[in-house]
Amino acid sequence: MTKTFSITDRFAGVPPRIWIILACATLLLGGLISYLAKLYRDDLVRETHRDTAYELSAYASALSAAIESRLLLTNGVKAFVVNELAHGGAVSESRFRSFAADFMNGIPGIRNFSIYPDGIATLIYPAEGNDNVLGMDLFHHPDPEIRSNAERTMRTERMTVLGPRELTQSGLGLLSRQSVYYNDRFWGFVSAVLDIDPILQEVDLYNGDKGINFAVRANSLILMGDPQLFEETSIIKKLELSDGEWEMAAVPNREKLESVAAKSRIFQAVCAGSLLLLLYFLYVQLTQQARLQQLVAERTHNLEIANKTLESTFAQLSVAAYRDVVTGLNNRTYFNEQLEQKIESNRQSGDTLALLYLDLDHFKMINDSYGHLYGDMMLREVGKRLVELSLPEAEISRIGGDEFTVILPRIANMEQLRQIAHQVRELFQTPFPLRDTEHFMTTSIGIALFPMHAQNSADLIRNADLAMYRAKDEGKNLFRIYDVSLNPNAEETMEIKNSLRVALDKDEFMVYYQPQIEVRSGKIVGLEALIRWKHTKRGMIPPSSFIPIAEETGMIVPIGERVLRLVCAQSRAWQQAGLPPIRIAVNLSARQFAQKNLPARIGAILDEYDLDPRHIELEITENLAMKEDMQPALHTLRDRGFTISIDDFGTQYSSLNYLKLLPVDKIKIDRSFVSGIARERKDEAIIVAMLLIARRLNLTVIAEGVETSEQLAFLEENECHEIQGFIFSKPRPAEQIADLLARNVSLEAPTRGL
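What this report covers is the structure whose coordinates are included nearby. What you see is a predicted model; the values in this text were computed from it and never measured.

What follows concerns the overall build of the protein chain. Scanning the protein chain for helices and strands turns up 24 helices and 25 strands. Here the C-alpha coordinates of the protein chain stretch approximately 130 × 105 × 55 Å along the principal axes. Buried positions account for 44% of the 754 residues belonging to the protein chain. Here the contacts in the protein chain between residues at least 6 apart in sequence split such that 64% fall between residues at least 24 apart. Both charge centroids of the protein chain, one from 81 positive and one from 99 negative side chains, sit 3 Å from each other.

Once that is clear, we can look at the nonpolar core. Soluble globular proteins tend to bury their nonpolar side chains together. Core analysis: the largest hydrophobic core is formed by 80 residues, its most contacted members being Y513, W574 and F593. Examining the composition of this core, we find that eight residues originate from one element, helix 16 (residues 556-576), more than from any other. If you look at the next biggest cluster of nonpolar residues, it comprises 45 residues, including A100, L123, L174 and M224.

Once that is clear, we can look at the sheet that holds strand 4 (residues 172-182). An order of 2-1-5-4-3 is seen for the five strands of this open sheet, with the pairing classed as antiparallel. Of all strands in the sheet, those with a lone pairing partner are strand 2 (123-125) and strand 3 (160-166), marking the two edges. When the angles between neighbouring strand axes are averaged without regard to direction, this sheet yields 20°. As paired strands, strand 4 and strand 5 (residues 185-195) are joined by ten bridges and run antiparallel to one another. Bridge pairing links Y182 to R185 in strand 5. This element, helix 3 (residues 73-88), spans strand 1 (110-117), strand 4 and strand 5 of the sheet and lies at about 30° to strand 4. Helix 5 (residues 144-154) rests against strand 3, strand 4 and strand 5 of the sheet, and its axis sits at about 165° to strand 3.

The next subject is the environment of E707. One can find E707 in the loop between strand 24 (700-704) and helix 23 (709-717). Residue E707 is classed as partly exposed on the basis of its relative accessible area, which comes to 48%. Note: C-alpha distance between E707 and E145 (562 residues apart in sequence) is 103 Å. Here E707 is in contact with R671, F726 and I727, once residues within four sequence places are set aside.

Further remarks concern the pattern of salt bridges. Within this structure, the stated rule accounts for 32 salt bridges. When the shortest N-O distance is used, the salt bridge between D351 and R410 registers 3.4 Å. Here D351, found in the loop between helix 9 (332-349) and strand 10 (353-360), pairs with R410, found in the loop between strand 12 (403-408) and helix 12 (414-426); they are 59 residues apart in sequence, far enough to count as distant. Judged by its relative accessible area of 27%, D351 falls in the partly exposed class. Overlapping salt bridges, with partners in common, bring together E561, R565, R601 and E608 in one network.

This paragraph deals with the packing of aromatic side chains. Within a pair of aromatic rings, the relevant descriptors are the distance that separates the centres and the angle that separates the planes. Counted by the stated rule, this structure contains 17 aromatic pairs. A centroid spacing of 4.4 Å and a plane angle of 0° characterise the contact between F80 and F99, whose relative ring orientation is stacked. Within this pair, whereas F80 is found in helix 3, its partner F99 is found in helix 4 (residues 93-104), the two being separated by 19 residues in sequence. Arranged with centres 5.4 Å apart and planes meeting at 85°, the rings of W533 and F546 form a pair that is edge-to-face. In this pair, W533 is assigned in strand 18 (residues 524-535) and F546 in helix 15 (residues 543-553), connecting sequence segments 13 residues apart. By the burial criterion, W533 is buried, and F546 matches it. Over the ring of Y116 we find R177, and its NZ or CZ is 5.4 Å from the ring centre.

Glancing now at unusual backbone geometry. Note: most residues except glycine have negative phi, and most peptide bonds are trans. Following Y125, the chain continues into P126 via a peptide bond in cis, with omega recorded as 0°. With respect to the element layout, P126 can be found in the loop between strand 2 and helix 5. Cis peptide bonds are those with omega within 30 degrees of zero, and the linkage from F450 to P451 qualifies with 5°. Its place among the elements puts P451 in the loop between strand 15 (443-450) and helix 13 (457-473). Look at N477: it is not a glycine, yet its phi comes out positive at around 55°. Position of N477 among the secondary structure elements: in the loop between helix 13 and strand 16 (479-481).

The next point concerns helix 4. Here helix 4 contains twelve residues, and its C-alpha end-to-end distance of 16 Å stays within 8% of the 16 Å for a straight helix at 1.5 Å per residue. Looking one or two residues beyond helix 4, the residue adopting positive phi is G106, at roughly 85°.

On to the side chain of Q631, then. Looking at the secondary structure, you find Q631 in helix 20 (residues 631-639). A relative accessible area of 15% places Q631 in the buried class. What Q631 contacts, discounting residues up to four positions off in sequence, is A625, M626, L662 and P663.

What counts and what doesn't
- Residue numbers run consecutively from 1 along every chain, following the written order of its sequence.
- Two thresholds apply to this predicted model, a pLDDT of at least 70 for residue-level local features and 80 or more for giving and counting side-chain atom pairs, whereas whole-chain, interface and lining totals are computed over all residues.
- As a rule here, side-chain values cover all heavy atoms of the structure and leave hydrogens and water aside.
- Labels follow the DSSP assignment, with helices taken as runs of H or I lasting at least four residues and strands as runs of E lasting at least two, numbered in each case from the N terminus.
- With a 1.4 Å probe rolled over the protein chains alone, any residue whose accessible area is under 20% of its type maximum counts as buried; one over 50% counts as exposed, and the rest are partly exposed.
- The contact rule is simple, with two residues in contact once any of their heavy atoms fall within 4.5 Å.
- Note that His is not counted, nor are the chain ends; the positive residues are Lys and Arg, and the negative ones are Asp and Glu.
- To locate a charge, take atom NZ for lysine, CZ for arginine, CG for aspartate or CD for glutamate.
- For the purposes of this section, nonpolar cores are sets of buried Ala, Val, Leu, Ile, Met, Phe, Trp, Tyr and Cys residues that join through side-chain atoms within 4.5 Å.
- Between any two strands, at least two bridges found by DSSP are needed for them to pair.
- Every axis in this analysis is a line fitted to C-alpha atoms, fitted for helices over the stretch in contact. Angles between the N-to-C directions lie between 0 and 180 degrees.
- Every case where a carboxyl oxygen of Asp or Glu lies within 4 Å of a side-chain nitrogen of Lys or Arg is listed as a salt bridge.
- A pair of aromatic rings is counted whenever rings of Phe, Tyr or Trp (Trp by its six-membered ring) have centres within 6.5 Å, and the orientation is called stacked for planes under 30 degrees apart, edge-to-face for over 60 and tilted otherwise.
- Ring-over charges, as used throughout, are those where CZ of Arg or NZ of Lys falls within 6 Å of the ring centre and within 35 degrees of the ring normal.
- Expected span of a helix: the number of residues minus one, times 1.5 Å.

Now the structure itself:
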């Protein structure tokens, strides 16, 4: 049992001298922290006031500039009047209105321009809203301030300013006025009336997000803000104007002051925490010797407990390292080790070992339809049934995904092996309960024997895997025992794999094109680009022989990019030769879509050949289109103008509910359905359903592999949009396609087939 010590036990043996030292340190350091916190807060306040004063100065300068620039507008009006008097002896009303409209245009805050011959308002712009100003006699105005301003302005050639004040036209404004002398005789005045609010708005004084509060007054009149600011703060700035006394006052707003207080509190908290840590450190140092024996006893006891815990944990990890977390069965690591050990043991004993390789049929449908949680429930149930089979000496493992293995170290004869395989198949005849319903699941089993089929574990696994895929190809829910016919072309496969890079470097890949025909008109509306490999020694190698290998090795990425470049170059060449642009379909593989920058790479290739994306169609498989992580790339490509089509539509098990959400324009009916026309009513029903769904979703439909007139008639009758197949044309090299495009007239099949 672990020995525990209470807080009372820990502190009971501490000498009083240590507590006195700690108390003195607390008082001394606490006083120092309080002093430092006050200095820090005062510094923050000073910094806040400096920032406020700086911002106030900036806004005061901006306001001074805005007011002064508008007050000086009277210089322009005066120059206009002087020029008019010099040339005509009088000011034309029409010319004044034209001048004032141009001069005022685009400048906010200008109420009006006016002209006062002999001090009487005669001309004003704009007239609307200013009618009550006309006829005003400044020298005899009832307001003594206006009379005084007129007399003062007449005696000087400098601009004078009146206001801010309530205007005759209503509202608060500022008036700039200058006297005009003609032939050394006083002629009259020119004036500009400014609105205060637009000027304040232009300087952005009404924006409350600046961190400070403003107040503005002019000639003791408060224009904005709280008048108390001029009494409460020393942060006051006088505006430098040619006439009048303007001042601005500012204080930090509540948010800024709260920020200062918050920073001060944080500083105090950090200091307090540091003090606590320091005191704790002093306590530990001062009491270390007194507690040394106690700590040694605790550590010794704890180490004994820890050693026992580590031993238990190591034992658990040793088991977990070989366990599959989903099913509780053995995992791949355990399987690989056991298979190698049992092969070596059987090599000595001469016994026959059998490896059963199981792959669940259509398991992806469970994950796609119900999610991985229910998929894991299905896997656990499969593992449970395999264990309950109680095969003698069997090692059962889940090696990944929906794949299971069974190692049978001693097999007496083939009949016994077949009986066991049948027993495993029978486990799946009972439905699996899943989300309150029953689901049927089958498995395909591949079987390989040591030493009959392989001499090592890697070859035995590969051959069992090949046998499993043969069972799937033959209809699933079967078991197949390996024989050499399952892997007859191993050397050929290796030769192709080694030659792909050389073929790319030597430009041995070429592109053939198969026309796509519009059913309604019979004209060629598109082409599908199909890769061909002309090997220097073996001649033409069909795509089915090298495309899967290119996918497996990753070479499909540079090969796919090369095909796209060849297609773009050929399309550009046809257009330069005077042929009309035509859409060309290019297949994209899953490996290509795994590239993060795929849309950018494709776009760069089209830009290189100055090709419009509308002339390129990108074909993807149905499985690829359904993957959620592919959707952003598909949306990007479609938004750029590419046509997106789903190849081999209907051959997978994706939900039709996803089709309405996919960014696709076109679906291609697989040739496996087309070949069933006139022979299999189920295939015909599936095609009709596809056409109906596509029509409702506004998708174009093309049928591939059309070879007979019966197939063509059925598709035409059910309003399929486009046709592709040998009934019209087999894939041809580019030079032959050019002739077809040049004479692209309505084509008929089969009598006028190409």
